[in-house]
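# Overview (structure and organization)
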Amino acid sequence: MTVIVVMGVAGSGKTTVGSALAERLGVEYAEADAFHPPANIEKMSSGHPLDDEDRWPWLHAIAAWISEHQATGGVVSSSALKRRYRDVLRTGGDVWFLHLDGPRDVLAERMQGRTGHFMPVSLLDSQLADLEPLETDERGLIADILEPPSAIVDRALTELAKEQP
Ligand SMILES: Nc1ncnc2c1ncn2[C@@H]1O[C@H](COP(=O)(O)OP(=O)(O)O)[C@@H](O)[C@H]1O
Ligand SMILES: O=C(O)[C@H](O)[C@@H](O)[C@H](O)[C@H](O)COP(=O)(O)O
């Protein structure tokens, strides 16, 4: 079964939309941050963006989760900012990306509104600089974060259903 990867920069709604999507589908949800080695979380918490070398082990761990969930399906969040990061995730098996995209001011406001999260708002611009949006030849959908989460979930399920044989 297809594993859905909910992607986008910090604050785009990956956790909110991803967990709602998993609940609607009755499949497991996994949070990208749970796959980071502690050093990566410490680096981001202290205001430093991750680089490619920091991200490879994290991406491979998520690809392994994708592989382990091919039989049951599942939903996993991952910022998956660059196309070559998504290439690593695709090595895990059948994946479909839901890219949550929206304006910087809304992202910053949503990050600011969260409490107790390790990711500082100051890292938003580095995330946006790294972002390579989902391309038309990559399986998936770009959704607008100005829509409510339930509408994004509905649209994702409709689009995904169209692609199933
Ligand atoms: N589509 C949406 N509309 C309104 N608020 C949203 C939406 N998606 C997420 N939020 C809110 O924005 C904040 C960031 O969302 P979150 O799911 O933590 O993002 P991420 O996991 O991508 O960092 C949360 O407070 C969440 O409730
Ligand atoms: O690749 C990265 O730079 C990080 O993985 C980064 O994307 C981070 O893990 C989350 O974006 C922060 O967590 P939230 O997305 O939940 O804010």
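Residues numbered from 1 in each chain as written. Chains lettered and ligands numbered in written order. Predicted model: local features only at pLDDT ≥ 70, side-chain atom pairs only at ≥ 80, totals over all residues. Heavy atoms only, no water.

To keep it simple, the criterion reads: UniProt positions are given in the numbering used here, feature names are shortened, and annotations may be inferred rather than shown by experiment.
An unreviewed UniProt entry lists the protein under the name Gluconokinase, from Amycolatopsis tucumanensis. Heading Pathway (unreviewed entry) of the UniProt record for the protein holds this comment: "Carbohydrate acid metabolism." The annotation that UniProt attaches to the protein under Catalytic activity (unreviewed entry) is "D-gluconate + ATP = 6-phospho-D-gluconate + ADP + H(+)".

## Some thoughts on the side chain of arginine 55
In plain terms, the rule: Each helix is a run of H or I in the DSSP string that is no shorter than four residues. Each strand is a run of E no shorter than two, and both are numbered from the N terminus. Contacts were defined at the residue level, with two residues in contact if any of their heavy atoms lie within 4.5 Å.
In this structure, arginine 55 sits in helix 3 (residues 52-68). Once residues lying within four places of it in the same chain are set aside, the contact partners of arginine 55 are Leu50, Leu81, Lys82, Tyr85, Gln127 and Asp130.

## Looking at the site of ligand 2
Let me state the cut-off plainly: Neighbouring residues are identified by heavy atoms, a residue being near a molecule or strand if any of them is within 4 Å of it. Pairs of N or O atoms are called polar contacts if they sit within 3.5 Å, as long as, within protein, a hydrogen donor faces a hydrogen acceptor (for residues adjacent in sequence, only side-chain-to-side-chain pairs). In these tables, accessible area is a Shrake-Rupley quantity obtained with a 1.4 Å probe, and a residue counts as shielded only by the protein chains included in the view. Residue classes follow a fixed rule: Ala, Val, Leu, Ile, Met, Phe, Trp, Tyr, Cys and Pro count as nonpolar, while Asp, Glu, Lys and Arg count as charged, and any other residue, Gly among them, counts as polar.
Lining the immediate environment of ligand 2, one finds 15 residues, of which Lys14, His36, Arg55, Ser79 and Gln127 sit closest. Residue histidine 36 places a side-chain N or O atom 2.8 Å away from an oxygen atom belonging to ligand 2. Within the side chain of histidine 117, an N or O atom sits 3.2 Å from an oxygen atom of ligand 2. For ligand 2, the protein covers 97% of the area, taking 390 Å² as the surface of the free molecule. Of the residues assigned to the shell around ligand 2, the class counts are six nonpolar, five polar and four charged.

## Regarding the pairing of strand 3 (residues 74-77)
Definition in use: Partly exposed describes any residue whose relative accessible area lies between the buried limit of under 20% and the exposed limit of over 50%, with all areas from a 1.4 Å probe on protein chains only and scaled to the type maximum. We treat two strands as partners when DSSP finds at least two bridges between them.
Burial along strand 3 is two-sided: Gly74 and Val76 facing one way and Val75 and Ser77 facing the other are all buried. One ladder, built from four bridges, connects strand 1 (residues 3-7) with strand 3; its direction is parallel. The residue of strand 3 that forms the bridge with valine 3 is glycine 74. Note: strand 2 (residues 29-30) against strand 3, two bridges, orientation parallel. Each bridged residue has a counterpart across the sheet, and for alanine 30 the counterpart in strand 3 is valine 76.

## Comments concerning the sheet that holds strand 1
How we decide: Axis definition: a line fit to C-alpha positions, over the contact stretch in the case of helices; interaxial angles, taken between N-to-C directions, run 0 to 180 degrees.
Ordered in space as 2-3-1-4-5, the five strands form an open sheet in which the pairing is parallel. Two strands in the sheet have a free side with no partner beyond their single neighbour: strand 2 and strand 5 (140-144). Contacts between helix 3 and the sheet are confined to strand 1, strand 2, strand 3 and strand 4 (95-101), with strand 3 contributing the most and set at about 170 degrees to the helix. On top of the sheet, helix 4 (residues 83-90) reaches strand 1 and strand 4; it is set at about 145 degrees to strand 4, its chief contact.

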